[in-house]
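Examination of the molecular architecture
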Amino acid sequence: MSGWTGLFVFLVVSVVMIGGLLAAAWMLRVKARRDSPLKRHAYECGEEPDGPAWIRFHPRYYVVALFFVLFDVEAAFFFPWAIRERALGWAGLGSIVVFTGVLLVGWAYALRKGALKWQ
Amino acid sequence: MGYLLDGLKSMWTTALNAIRPPFTQEFPKVLRPHPERYHTSFALLHDETGDEACTGCGACARICPSQVITVKLGKRESAITQKKRGYADDFTLDLTACLVCELCVQVCPTDAIVMLKVPELPGFRREDLVLSMPRLYENEKSKPLGWSNATKLMAMQDPKAGAAKPEPSKETAPAPAAAGAAS
Amino acid sequence: MTLFAWLSSILVAVIVLTVTAFGLWWERKLAGRMQSRLGPTIVGPIGLFQPIADLLKLVQKEPIIPQRADRALFWLAPPLTTLFALLVAALVPFGPKLAPANIDVGVPLIIALGGLALIPVWMAGWASHNKYALLGAMRAVAQSVSYGVPLVLTALVPVILAGSMNLNSIVAWQHRHHWLVVWPVFLGLPAFILFILAMLAEANRIPFDIPEAESELVAGVSTEYTGMHFGFIYLAEYVHTLVGSAVASTLFLGGWDGPFGPSVLWMVLKTCLLFSVLYWLRWSLVRLRADQLMALAWKWLVPAGLALVLLAAVWTQTPWGR
Ligand code: SF4
Ligand code: SF4
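Residues numbered from 1 in each chain as written. Chains lettered and ligands numbered in written order. Predicted model: local features only at pLDDT ≥ 70, side-chain atom pairs only at ≥ 80, totals over all residues. Heavy atoms only, no water.

We now examine the overall build of chain B. Broken down by element type, chain B carries six helices and five strands. Put simply, chain B runs from its N terminus to its C terminus through helices and strands in the order α-β-α-β-β-α-β-β-α-α-α. The buried share of chain B, taken over its 183 residues, is 34%. Residue pairs in contact within chain B that sit at least 24 positions apart in sequence constitute 73% of those at least 6 positions apart. (Helix = DSSP H or I, 4+ residues; strand = E, 2+ residues; numbered from the N terminus. Buried < 20%, exposed > 50% of the residue type's maximum accessible area, 1.4 Å probe, protein only. Contact = heavy atoms within 4.5 Å.)

Below, the structure is given as structure tokens:
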């Protein structure tokens, strides 16, 4: 049995279990005798909801996303090197150090620019 | 760095707590010993002749800071002494807003209203915590009464009696669980 | 053979869900004792059936969809969070042979599935059309994304040492040599600690729980959810922590490897122990601020992770680490 079949089977099993719970919740759910539009208001500590919640948000999250892309791609490049690490020897290590070094320069530059200042 | 040290300290504390016996006791099953002057709910008393002691004067209703007492005054002949006197035709005390300040007990001219040693059990409706007159007289019979009444409280505050005597600090035995459960 | 696959999958899924349910009980009991309380006591002996009572309660609740919510996404998100959290469990070997999915790219796949779990969180936050939920989701995404990087980097350390991304071979390597936290201790221990920190942050647990900081954001993404849908978000968090501890014990604590007795037992023991330690952390530490979190991830954990990776690489080149 290949591992992927196993994963697929597991996926099916979990979907069935979660679906079962959902179905149970749907069948056993209580319905209010009287409905009120107030009940469906978005929760804002009891106040009337003030304007839409789908708002524009701060660009600092964008910076974090950029950082993430940078380092996650880097990490993805690490994996093929990591499993052959012993065979590749010092040469492989040297190139990965250069690779990391270039990224770290960018990292230091971003930090100096205050990219992670959270205000 | 400070966060790390404080974190380790609090982890030490929680670890110690985890092996200590817990402090909580399960309320209706286990009752902690109360101090002597512990007081919660209310009762209305009968006087020595066996008549209702409350004269319906309304002093308690007037002094109550949260105005949770309502008294309806009625005048009629006593069935026991054959004398005409005041009665409370109706008496309600709403525990939901009571501050437990004991002022109502303190002002009662006839020591009619006193407090109890055991709390009322929680209810499912607000009305469960409104003490009607029958309930107050029922409490007199079925529950342990508290230490104080108007006479004792006023004596304590009498300037002529000198410096206030220190309260007896001995702890009374825990009230029997049955008394708490029988409301 | 496929029958075996079905059976083992069902077994592992049931085990994970049951252990999670009783982990819930155990956490509340532990939290209670750590705060000098009793924890659950009423339902069943020493409150043991509390999770079942909770489940029954949640299942019966009325589902409420907020007025302006995106209905489809709103409904879909919580079950998906649980699904993704649960899927990781398939990759964890509970014994030399007992792993529903023994896949060669196990480590990156686990991290990918962990990252995938972010999407339903964001879905839930966006679809609720609630400011608290949206803010919570935004923080959750930013945080998980930041801590995903140290997570990958520290997971690379066992990969480099064992020369394989298959979780089972990593455990086998530890079985042949040493558990990674034991030796090389200067690599294994820091990597283990960093991994735990990053894992906690990915699962949004205290001290990294600003996404649902109840004192400022009500409940984060779960603000608008009721009934079983709320339950799914809750469940996903616990499953995530549990499976995370299982992964951490596989990568660093030797997994199913033990001196005697059946291997499943060792795996379960290590996982539960780590799980308890995480709850110990949870009930002792205070929440970090959003900016402190980001600073911790990018200024300290990422460089530290990189250093560990390079150190591991150097170590494997030396005569002792060959
Ligand atoms: S104890 Fe105080 S608040 Fe309560 S009823 Fe008496 S006077 Fe009112
Ligand atoms: S309880 Fe006392 S103070 Fe209150 S109305 Fe009756 S007699 Fe007056």
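Let us keep going from here.
Another aspect to go through is the confidence of the model for chain C. Chain-level pLDDT for chain C is 82 on average; 98% of the residues reach the 70-or-more range. Predicted complex metrics record ipTM = 0.81 and pTM = 0.76. (pLDDT = per-residue confidence, 0-100.)

As a further point, take the nonpolar core. In this structure, A:Trp81, C:Leu91, C:Val107, C:Leu251 and C:Trp298 are the most contacted members of the largest nonpolar core, which totals 113 residues. For this core, the leading source of residues is helix H6 (residues 131-162) of chain C, giving 15 residues. In contact with C:Leu91, not counting residues within four places along its chain, are A:Leu7, C:Ala101, C:Ile103, C:Gly106, C:Leu109, C:Ile110, C:Leu113 and C:Leu167. Listed in part, the 25 residues of the second largest apolar core include B:Phe42, B:Cys64, B:Val105 and B:Tyr137. (Core = buried A, V, L, I, M, F, W, Y, C linked by side-chain atoms within 4.5 Å.)

Time to look at unusual backbone geometry. Although it is not a glycine, B:Glu102 sits at a positive phi angle of roughly 70°. Residue position: B:Glu102 is located in the loop between strand E3 (84-94) and helix H3 (103-107).

Moving on, we get to the site of ligand 2. Near ligand 2, the surroundings consist of 13 residues, among which B:Cys54, B:Cys57, B:Gly58, B:Cys60 and B:Cys108 are the closest. Its residues assigned to classes, the shell around ligand 2 shows nine nonpolar, four polar and no charged. (Near = heavy atom within 4 Å. Nonpolar A, V, L, I, M, F, W, Y, C, P; charged D, E, K, R; others polar.)

Viewed as axis vectors pointing N to C, helix H3 (residues 85-112) of chain A and helix H12 (residues 290-317) of chain C meet at an angle of 165°, and their least axial separation amounts to 9 Å. By the angle between their axes, H3(A) is roughly antiparallel relative to H12(C). Crossing angle aside, the handedness with which H3(A) passes H12(C) is left-handed. Residues A:Glu85, A:Arg86, A:Gly89, A:Trp90, A:Leu93, A:Ile96, A:Val97, A:Thr100, A:Leu104, A:Trp107 and A:Leu111 of H3(A) pack against C:Trp298, C:Lys299, C:Pro303, C:Leu306, C:Leu310, C:Ala313, C:Val314, C:Thr316 and C:Gln317 of H12(C). For the contact of H3(A) with H12(C), the per-class residue count stands at 13 nonpolar, four polar and three charged. (Axes fitted to C-alpha atoms, helices over the stretch in contact; angles between N-to-C directions. Parallel < 35°, antiparallel > 145°, perpendicular 65-115°, else oblique. Left-handed = near helix turned anticlockwise from the far one by under 90°.)

Let us now look at the packing of helix H8 (residues 185-202) of chain C against helix H11 (residues 263-282) of chain C. Residues and elements named next belong to chain C. Interhelical geometry of H8 versus H11 gives an angle of 65° and a closest axis separation of 12 Å. Judged on the interaxial angle alone, H11 and H8 are roughly perpendicular. Viewed along their axes, H8 and H11 form a crossing whose handedness is right-handed. When H8 is examined against H11, the residues Phe192, Ile196, Met199 and Leu200 are found in contact with a partner set consisting of Leu274, Leu278 and Leu281. Residue composition of the contact of H8 with H11, grouped by class: seven nonpolar, no polar and no charged.

Turning our eyes to something else, we now look at the interface of chain C and chain B. Taken residue by residue, the interface counts 16 residues in chain C and 15 residues in chain B. When the two sides are added together, the surface that chain C and chain B hide from each other amounts to roughly 1,400 Å², 61% of it contributed by carbon and sulfur. At the boundary of chain C and chain B, one finds zero salt bridges. The tally of links between chain C and chain B comes to eight residue pairs in polar contact (both at pLDDT 80 or more). Only helix H1 (2-34) and H11 of chain C provide two or more residues apiece to the side of chain C that touches chain B. (Buried area = accessible area lost by both parts, 1.4 Å probe. Salt bridge = Lys/Arg side-chain N within 4 Å of Asp/Glu carboxyl O. Polar contact = N/O pair within 3.5 Å; in protein donor to acceptor, adjacent residues only side chain to side chain.)

Once that is clear, we can look at the sheet that holds strand E5 (residues 130-131) of chain B. Residues and elements named next belong to chain B. The strand order across the open sheet formed by three strands is E2-E3-E5, and the pairing between neighbours is antiparallel. Two strands close off the open sheet at either side, each with one partner strand: strand E2 (69-77) and E5. With two bridges connecting them, E3 and E5 associate as antiparallel partners. In the sheet register, Asp94 faces E5, and the bridge partner there is Val130. (Pairing = 2+ DSSP bridges.)

What follows concerns the pattern of salt bridges. Residue and element names in this part refer to chain B. Tallied over the entire structure, the rule returns nine salt bridges over all chains. With its nearest N and O atoms 3.4 Å apart, the salt bridge here joins Asp51 to Arg85. Residue Asp51 is found in the loop between strand E1 (42-44) and helix H2 (59-63), and its partner Arg85 is found in strand E3; the two are separated by 34 residues along the sequence. The burial state of Asp51 is the same as that of Arg85; both residues are buried. Arg125 is the salt-bridge partner of Asp128, the closest N and O atoms lying 3.1 Å from each other. Residue Arg125 is classed as exposed on the basis of its relative accessible area, which comes to 52%. The network of salt bridges with common partners includes Glu120, Arg135 and Lys143.

Along the chain, A:Glu74 turns up in helix H2 (residues 60-83). Discounting chain neighbours no more than four positions away, the residues touching A:Glu74 are A:Phe99, A:Thr100, A:Leu103 and C:Leu306.

Residues and elements named next belong to chain B. Sheet analysis places E2 next to E3, joined by nine bridges and oriented antiparallel. If you follow Gly74 over to E3, its bridge partner there is Tyr87. Hairpin geometry of E2 and E3 is characterised by an intervening segment of six residues between the two adjacent antiparallel strands and by a positive phi of about 60° at Gln82.

Each side of the interface is counted separately: chain A has 65 residues, and chain C has 83 residues. Taken together, the two surfaces of chain A and chain C that pack against each other cover about 6,800 Å², and 78% of this comes from carbon and sulfur. Of all residues in chain A, A:Phe10, A:Trp54 and A:Arg86 bury the most surface against chain C, accounting for 13% of the area lost on that side. Joining chain A to chain C, the criterion identifies zero salt bridges. Counting across the chain A and chain C interface gives two residue pairs in polar contact (both at pLDDT 80 or more). The set of elements that each furnish at least two residues to the side of chain A that touches chain C consists of helix H1 (3-28), H2 and H3 of chain A. Counting residues per element, the side of chain A that touches chain C draws most heavily on H1(A), at 19 residues. The residue makeup of the side of chain A that touches chain C, split by class, is 49 nonpolar, seven polar and nine charged.

Here we take up the packing of aromatic side chains. Applying the stated rule across the entire model yields 14 aromatic pairs over all chains. Summarising the aromatic geometry, the rings of A:Phe78 and A:Trp81 are spaced 5.8 Å apart at their centres and angled 45° between planes, so their arrangement reads as tilted. In this pair, A:Phe78 and A:Trp81 both sit in helix H2, three residues apart, roughly one turn of the helix. Judged by relative accessible area, A:Phe78 falls into the buried class, the value being 0%. Ring plane angle 5° and centroid distance 4.2 Å describe the contact between C:Phe74 and C:Tyr225, whose orientation is recorded as stacked. Here C:Tyr225 lies in the loop between helix H9 (214-217) and helix H10 (227-252) and C:Phe74 lies in helix H3 (residues 71-87), a separation of 151 residues in the sequence. With a relative accessible area of 3%, C:Phe74 lands in the buried category. With a relative accessible area of 6%, C:Tyr225 lands in the buried category. Here a set of aromatic residues connected by ring pairs shows up, and it is made of C:Phe230, C:Tyr234, C:Tyr238, C:Phe275 and C:Tyr279. Above the plane of the ring of B:Tyr87 lies B:Arg85, whose end atom (NZ or CZ) is 4.1 Å from the centre. (Phe/Tyr/Trp six-rings, centres within 6.5 Å; stacked < 30°, edge-to-face > 60°. Lys NZ or Arg CZ within 6 Å of the ring centre and 35° of its normal.)

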